[in-house]
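Spelled out, the chains give:
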Amino acid sequence: MRLGVMAYRDLPPERLVSFARDVEAMPQIADLWVVEDLGWAGAVSSAATALAVTSRLRVGIGIMPAPLRNPALLAMELGTLARLHPGRLAAGLGHGVRSWMRQVGAAPRSPLSLLEETLTAARGLLKGERVTLHGREARLEDVGLVHPPSIPPPLLAGVEGPRSLALSGRLADGTILHESFGPRQVATALTHIAPPPGHELVVFTYLHLGEPPGAIVDAVAEFQGVEPGEAAMAAGSAVRAADHVRALAEAGAATVVLRPPVCEDPLRHVSELLGAL
């Protein structure tokens, strides 16, 4: 099992440098993941910052909304980072929150087609190919990268519905499952993904050692659409939280990304969990 830590959206951008360095000082942690939600920090600039101030960690982007990124521009951005930091970037793409995409006038007619076309075009460009694509949502005419990376970064799909999961298994290098997926949901998702060899399953999970405040549990349960007592979290004692992380791995997660609480010292929770693991 590979372990990662999420730099959640509430972390002010000016704290990302010290946060990334502190995560890199934890030898058991292999990944740092940055996020992109409408109105918060941009994922590509956050990833570039984290990569620049670390030397060991893989930096994952989880996730960029495909409707906000032309495939050519996406490949240019990712290709630049991959050349500067070979083998240390993983990029997640998703449909985007529908209401947010409407807010910015970017809601596609077919989110599934757009994600498929973006993954296909971006992967080809990052491999150094010249790409022509006359798709339902995306169009490119004889486009290529002048400086393609020697090691193309893996492209993962951050999705949840059965058809989108199947698309991820067919086209992406991996799948990202968000925090509402507990061990049982992970196992079910894998039946839709039908992952080929080498397909990486990344699962995000909430982390809160000690008894989480009721408001946090209620918010997590509401997000997951379950009763508070059924909320999937690495929570409670360090031993109990470690059991949850192991259960995600046993269900099929290759990488578990810990989302620590928003507090003065979020990495304390990570350190205590690592001791239990």
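To start, this report covers the structure provided alongside it. From a predicted model like this one, the values you see are computed outputs, not experimental measurements.

Inspection of helix 2 (residues 43-52) places Ala43, Val44, Ser46, Ala47, Ala50 and Leu51 among the buried residues, and these make up the whole buried set. Down the axis of helix 2, the smallest arc covering the buried residues is 160°, so these residues share one side. The inward-facing, buried residues of helix 2 contact helix 1 (16-24), strand 2 (31-34), strand 3 (58-65), helix 3 (71-84) and strand 4 (89-94).

Cis geometry marks the peptide bond from Gly62 to Ile63; its omega dihedral reads 5°. Summarising the element assignment, Ile63 is placed in strand 3. The phi dihedral of Asp142 falls on the positive side, at around 55°, and the residue is not glycine. Mapped onto the elements of the fold, Asp142 is located in strand 6 (residues 139-143). Here Ala194, not a glycine, exhibits a phi torsion of approximately 45°, which is positive. On the secondary structure map, Ala194 appears in the loop between helix 7 (183-193) and strand 9 (200-209).

Where burial is concerned, most of strand 11 (residues 255-259) is hidden: 5 out of the 5 residues are buried. Across the two faces of strand 11 the burial is the same, with Thr255, Val257 and Arg259 and Val256 and Leu258 all buried. Taken together, the 4 bridges between strand 1 (residues 2-7) and strand 11 define a ladder with parallel strand orientation. In the strand pairing of strand 11, Val5 is matched with Leu258. Looking at chain direction, strand 9 and strand 11 are connected through 5 bridges and run parallel. By the bridge assignment for strand 11, Tyr206 is matched with Arg259.

Turning our eyes to something else, we now look at the pattern of salt bridges. As enumerated under the stated definition, the model contains 12 salt bridges in all. In this structure, Asp37 and Arg9 form a salt bridge, with 2.9 Å as the shortest nitrogen-oxygen distance. Here the residue Asp37 occupies a position in the loop between strand 2 and helix 2, and Arg9 occupies one in the loop between strand 1 and helix 1, the gap between them amounting to 28 residues. As a salt-bridge pair, Asp173 and Arg123 come within 2.4 Å of each other at their nearest N and O atoms. With Asp173 in the loop between helix 6 (162-171) and strand 8 (174-177) and Arg123 in helix 5 (residues 111-126), the pair connects residues that are 50 residues apart, well separated along the chain. You can call Arg123 partly exposed: its relative accessible area is 24%. Linked through salt bridges whose partners overlap, the residues forming this network are Arg2, Asp31, Arg58 and Glu200.

Let us now look at the packing of aromatic side chains. This structure, assessed with the given rule, holds 1 aromatic pair. With 5.8 Å between their ring centres and 70° between their planes, Trp33 and Phe204 make a pair best called edge-to-face. Linking Trp33 in strand 2 with Phe204 in strand 9, this pair joins segments that are 171 residues apart in sequence. There is no split in this pair, since Trp33 and Phe204 are both buried. Against the face of Trp40 rests Arg9, its NZ or CZ located 3.8 Å from the ring centre. The aromatic ring of Tyr8 is capped on one face by Arg259, whose charged end is 3.6 Å from the ring centroid.

Bringing the nonpolar core into the picture now. Burial of nonpolar side chains together is a common tendency in soluble globular proteins. Counting 71 residues, the largest nonpolar core has Ile29, Met64, Leu78 and Val270 as the members making the most contacts within it. Element by element, the count of residues in this core is highest for helix 5, at 7 residues. When near neighbours in sequence (up to four residues on either side) are disregarded, Ile29 contacts Leu3, Gly4, Val5, Val23, Arg56, Leu57, Val270 and Leu274. Counting 10 residues, the second largest nonpolar core, distinct from the first, contains Met6, Trp33, Val35 and Ala90.

The rules behind these values
- The written sequence of each chain sets the order in which its residues are numbered from 1.
- Thresholds applied to this predicted model are a pLDDT of at least 70 for local features of residues and 80 or more for the giving and counting of side-chain atom pairs; totals over whole chains, interfaces and linings are not thresholded and use all residues.
- As a rule here, side-chain values come from all non-hydrogen atoms in the structure, and water together with hydrogens is ignored.
- We call a residue buried when its accessible area falls under 20% of the maximum for its residue type, exposed when it is over 50%, and partly exposed in between, using a 1.4 Å probe and counting protein chains only.
- What counts as a helix is a DSSP run of H or I of at least four residues, what counts as a strand is a run of E of at least two, and both are numbered from the N terminus.
- For this quantity, the arc is that covered by the directions from the helix axis to the C-beta atoms.
- In what follows, residue pairs with any heavy atoms lying within 4.5 Å of each other are defined as contacts.
- Should DSSP find at least two bridges between two strands, the strands are taken to pair.
- Salt bridges are defined as contacts in which a side-chain nitrogen from Lys or Arg sits within 4 Å of a carboxyl oxygen from Asp or Glu.
- In this analysis, rings of Phe, Tyr and Trp, with Trp reduced to its six-membered ring, are considered paired at centre separations within 6.5 Å, and the interplanar angle assigns stacked below 30 degrees, edge-to-face beyond 60, and tilted for intermediate values.
- Note on geometry: a ring has a charge over it if NZ (lysine) or CZ (arginine) is within 6 Å of the ring centre and within 35 degrees of the ring normal.
- Nonpolar core, defined: a set of buried Ala, Val, Leu, Ile, Met, Phe, Trp, Tyr and Cys residues in which side-chain atoms within 4.5 Å join the residues together.

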